[in-house]
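Residue strings, one per chain:
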Amino acid sequence: MSEENKIKEIPLRKDIAEEDKWDLSSLYESEAAYEADLENLRKEIEKASSFRGRIGERPEALLELLKWTSDTFMLAERLGNYASLMSSAEAQNPGNQKRMGIFSQVYTELAAQTSFMDPEILAIQGIEEWMKDDRFKDYRVYLNKMLRQKAHTLSDKEEAILARQGELQDTPSEAFSVLTNIDMDFGSIDGKTLSQSTYGSFLQDEDRGVREKAYKQFYETFRKHEQTIAALYTGSVKQDIFNARVRGFSDALEAALYRDNVPRSVYTGLIDAVHEGFPALHRYYSIKKKALGLKELRHYDVYVPMVKMPKKITPYDQACEIVKEALAPLGNAYVDVIYKGITTDRWVDRYENKGKRSGAFSSGAFIGKPYILLNYKEDVLGDVFTLAHEGGHSMHSYYSKNNNPFISYEYTIFEAEVASTFNEQLVAKYFIDTATDRETRAYIIAKQLDDIVATLFRQTMFAEFELLCHTQQENGEPLTVDSLRKVYGNLLEAYFGPEMHFEETSNLEGLRIPHFYRAYYVYKYSTGISASIALSERVLNGGKKELDDYLGFLKSGGSKFPIDSLKCAGVDMSTQAPIKAAIDKFSKLLDQFEELTN
């Protein structure tokens, strides 16, 4: 076997250089320090009952509670972040597993013991007058958002029951994960294991025969378990509907949108605008068919890149330099912080090791660095984009925590994907502007096209599926395997258009998406990329005001509802305009790609 074809052994955690691992000392210097704080949290939980029945006696009592709440949940966040990061870096380590399990139990107890607080606060007569006092300055955002929940907050006993039931809510999702990642055996292809995690790699194989075999084998395994998975998903949908109805919402969608104050029209308008963009999407698949040299396009072909990745080696340090140059339009203050964070300040856990969580994420919290997990590969150009993407999340967290009190610093998922995909837009522009060969430019444009399809169009299809399924169950028509497959199959045909040829098992894809067990959040990926495209164009083509508006959005944290914070940044997500603008950019990228590749 040649050196080039040798399988590289995945190193153990202990064999990774310290400078290539994140430095968690900003959370805890030692395990003893962590254990001491965990015991402190247990003691604070015991104090919770001392507030019962006296919160509304006078403003000082409420202020005492709010300070305790802020300090206690800040401590819980710090502990949870440390436990989670340790587990993510080396999941099979028994100590990490135990730590995570114990923290989960303690946090559940915290939620249960504090469940009486919101109902008591909402019962205070004249609380609006109390809030005018300057002593409430840091808590006004938190209290105003809570007051908005008044109509949907139950009694303290009912809230306590729901809080203790919290761990049970995840049962369908956890059972789905165990079934599909552990119990289900997908077999192997040419000696390589086929699994949930490797399936995507098989679908990008240049050998069409391998793709077809993997696709059919994969979904045949799902077919054998379709009844069980359908029952799990139905259970998750019923749980969503129960939670909505018990709190007095008209349906699960209203309940999901209410906390962020997002109008229903944003959700339905997204679907309508994407439907109007179907001609551009169908054109994309027509171009892909030609680019791949296929007589007919089948569902197992769509994840093959239209342009082969250039054979470039980009060491991690060079990737950091590229990110630094690409993000220059965001100003020195932004660039200096992120560059130091991803190079010398050890925000990033850079490389793969045995037991490490796959993929990438950013884990920003009020205390500690805004950590980033990567599995960086220097021969994968897309990993440079991943570094910029997760860096965007971390900088969002950095600005949020430095400009808001803990109790209102956390931004919503609706806003989260804006800062990350914004950075990807700048990196793409950098690569296109600096590329010296047509191959690299074509690859970057093709990547942008693929990203918009995956994030705007595909996530909207998922969002539409969720809406149709929940609506069907809410209308008293039970979900079944046949109905789930029919609904998803109809969406596949609508979104992929006339160029696509499906297999008999293609509509089983709807049963394998873990996102569906967290209802009504995938649409935020679609709105996020639309907002980031609009804002990146605004900053690149604008001046100081446009940049300040965007940085102001990053600093706003949880101080505003997401529609309002994005409006201050310069994009109105309550309209379809950003969605349509993103689809228009998608069409222009298609033009550029066709022109570049003849």
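Residues numbered from 1 in each chain as written. Predicted model: local features only at pLDDT ≥ 70, side-chain atom pairs only at ≥ 80, totals over all residues. Heavy atoms only, no water.

Considerations on the overall build of the chain
The number of helices and strands found in the chain is 25 helices and 7 strands. Expected size for 598 residues packed as a compact globule is a radius of gyration near 25 Å; at 25 Å, the chain falls within 12% of this value. With the C-alpha coordinates aligned to their principal axes, the bounding extent of the chain is approximately 75 × 55 × 50 Å. Considering the chain as a whole, with its 598 residues, one finds that 53% of them fall into the buried category. (Helix = DSSP H or I, 4+ residues; strand = E, 2+ residues; numbered from the N terminus. Rg over C-alpha atoms; globule rule 2.2 N^0.38 Å. Buried < 20%, exposed > 50% of the residue type's maximum accessible area, 1.4 Å probe, protein only.)

Brief notes about the nonpolar core
In terms of nonpolar packing, the biggest core is built from 138 residues, with Leu456 and Tyr550 touching the most fellow members. Ignoring anything within four residues of it in the chain, the contact list for Leu456 reads Leu270, Val274, Asp451, Ser526, Ile529, Ser530, Ile579, Ala582 and Ile583. Counting residues in hydrophobic clusters, the runner-up holds 43 residues, among them Leu24, Leu85, Ile121 and Leu143. (Core = buried A, V, L, I, M, F, W, Y, C linked by side-chain atoms within 4.5 Å. Contact = heavy atoms within 4.5 Å.)

Looking at the sheet that holds strand β6 (residues 371–373)
In spatial order, the strands read β4-β6-β5; together these 3 strands make up an open sheet with mixed pairing. A single partner strand is all that each edge strand has here, and the edge strands are β4 (348–349) and β5 (361–363). Pairing analysis gives 2 bridges linking β4 to β6, with the strands arranged parallel. Directly across from Val348, in β6, lies its bridge partner Ile372. Along the sheet, helix α2 (residues 59–89) makes contact with β5 and β6, crossing β5 at roughly 155°. (Pairing = 2+ DSSP bridges. Axes fitted to C-alpha atoms, helices over the stretch in contact; angles between N-to-C directions.)

So, the environment of Met395
Among the secondary structure elements, Met395 is positioned in helix α18 (residues 382–401). Dropping the residues within four chain positions of it, Met395 is found in contact with Tyr334, Val337, Ile338 and Trp347.

A look at the pattern of salt bridges
Side chains that carry opposite charge are capable of pairing whenever their charged atoms lie near each other. For the structure on display, the rule yields 47 salt bridges. The partner of Arg99 in a salt bridge is Glu31, and the shortest N-O contact between them spans 3.0 Å. Linking Arg99 in helix α3 (residues 94–113) with Glu31 in helix α1 (residues 31–47), this pair joins segments that are 68 residues apart in sequence. Glu31 gets classed as partly exposed once you look at its relative accessible area, which sits at 31%. Across the pair Glu499 and Lys289 runs a salt bridge, and its minimum N-O distance is 2.9 Å. Of this pair, Glu499 sits in the loop between α21 (481–496) and β7 (500–501) while Lys289 sits in helix α15 (residues 278–291); the two residues are 210 residues apart in sequence, bridging distant segments of the chain. Salt bridges sharing partners connect three or more residues here, namely Arg13, Asp349 and Lys356. (Salt bridge = Lys/Arg side-chain N within 4 Å of Asp/Glu carboxyl O.)

Quick notes on empty space enclosed by the protein
Enumeration according to the criterion identifies 1 cavity of 30 Å³ or more in this entry. Taken as a whole, the largest cavity holds about 40 Å³ of empty space. Considering the residues around the largest cavity, the lining is formed by Phe176, Ile229, Tyr233, Gly510, Leu511, Arg512, Ile513, Phe516 and Tyr517. (1 Å grid on protein atoms, 1.4 Å probe; cavity = no way out; pocket = protein on both sides within 12 Å on 5 of 7 lines; lining within 4 Å. Points joined across faces, edges and corners; volume = space filled by probe spheres on them.)

Overview of the packing of helix α19 (residues 413–434) against helix α20 (residues 438–474)
Between α19 and α20, the least distance of the axes is 9 Å, while the angle of their chain directions is 160°. On the basis of the axis angle, α19 is roughly antiparallel to α20. By crossing handedness, the relation of α19 to α20 is classed as left-handed. Together, Glu424, Gln425, Ala428, Phe431 and Ile432 of α19 and Arg441, Ile444, Ile445, Lys447, Gln448 and Asp451 of α20 make up the contact between the two elements. (Parallel < 35°, antiparallel > 145°, perpendicular 65-115°, else oblique. Left-handed = near helix turned anticlockwise from the far one by under 90°.)

Considerations on α1
In this model α1 runs 25 Å from its N-terminal to its C-terminal C-alpha over 17 residues, within 8% of the 24 Å that 1.5 Å per residue would give. All of the buried residues in α1 are Tyr34, Asp37, Leu38, Leu41, Glu44 and Ile45. On an axial view of α1, the arc spanned by its buried residues comes to 120°, and they lie on one face. The outward face of α1, more than 90 degrees from its buried face, is lined by the exposed residues Ala32 and Glu46. Contacts from the buried residues of α1 go to α2 and α3. (Expected span 1.5 Å × (residues − 1). Arc of directions from axis to C-beta.)

A short note on the packing of aromatic side chains
Applying the stated criterion across every chain, the model contains 46 aromatic pairs. Aromatic side chains Phe465 and Phe516 sit 5.0 Å apart centroid to centroid with 35° between the ring planes, which places their arrangement in the tilted category. A residue pair is termed long-range when its members are at least 10 positions apart, and Phe465 in helix α20 and Phe516 in the loop between β7 and α22 (523–541) qualify at 51 residues. For Phe465, a relative accessible area of 0% gives the class buried. Put simply, the rings of Phe176, Tyr233, Phe462, Phe465, Tyr488, Phe516 and Tyr517 touch in pairs and so form one group of aromatic residues. For the cation-ring pair, Arg148 lies above Tyr258, with the distance from its terminal atom to the ring centre recorded as 3.9 Å. A cation over a ring is seen here: Arg148 above Phe561, with NZ or CZ 5.2 Å from the ring centre. (Phe/Tyr/Trp six-rings, centres within 6.5 Å; stacked < 30°, edge-to-face > 60°. Lys NZ or Arg CZ within 6 Å of the ring centre and 35° of its normal.)

Considering unusual backbone geometry
Positioned with a positive phi, Asn261 is a non-glycine residue whose angle comes to about 55°. Among the secondary structure elements, Asn261 is positioned in the loop between α13 (252–258) and α14 (264–276).

Points about the confidence of the model for the chain
For the chain, mean pLDDT is 94; residues scoring 70 or higher make up 98% of the total. Predicted confidence is poor over residues 1–7, with pLDDT under 50, and the contacts of this stretch with residues over four places away or in other chains come to 2 contacts. (pLDDT = per-residue confidence, 0-100.)

Structural notes on the side chain of Ser286
With respect to the element layout, Ser286 can be found in helix α15. Side chain to side chain, Ser286 and Glu499 meet in a polar contact 3.5 Å long. (Polar contact = N/O pair within 3.5 Å; in protein donor to acceptor, adjacent residues only side chain to side chain.)

A look at the side chain of Arg13
Tracing the chain through its elements places Arg13 in the segment before α1. With near-sequence residues (within four places) excluded, Arg13 lies in contact with Lys21, Trp22, Ala89, Glu90, Asp349 and Asn353.

Focus on the environment of Tyr430
Locating Tyr430 in the fold gives a position in helix α19. Separated by 19 residues in sequence, Tyr430 and Leu449 have C-alpha atoms that sit 16 Å apart. Dropping the residues within four chain positions of it, Tyr430 is found in contact with Ile322, Glu325 and Ala326.

As for the packing of α1 against α2
Where α1 meets α2, the axes come as close as 10 Å, and the angle between the chain directions of the two elements is 145°. Of the two elements, α1 crosses α2, and the hand of that crossing is left-handed. Residues Glu31, Tyr34, Asp37, Leu38, Asn40, Leu41, Glu44 and Lys47 of α1 lie in contact with α2, whose contacting residues are Trp68, Thr72, Leu75, Ala76, Arg78, Leu79, Tyr82 and Ala83.

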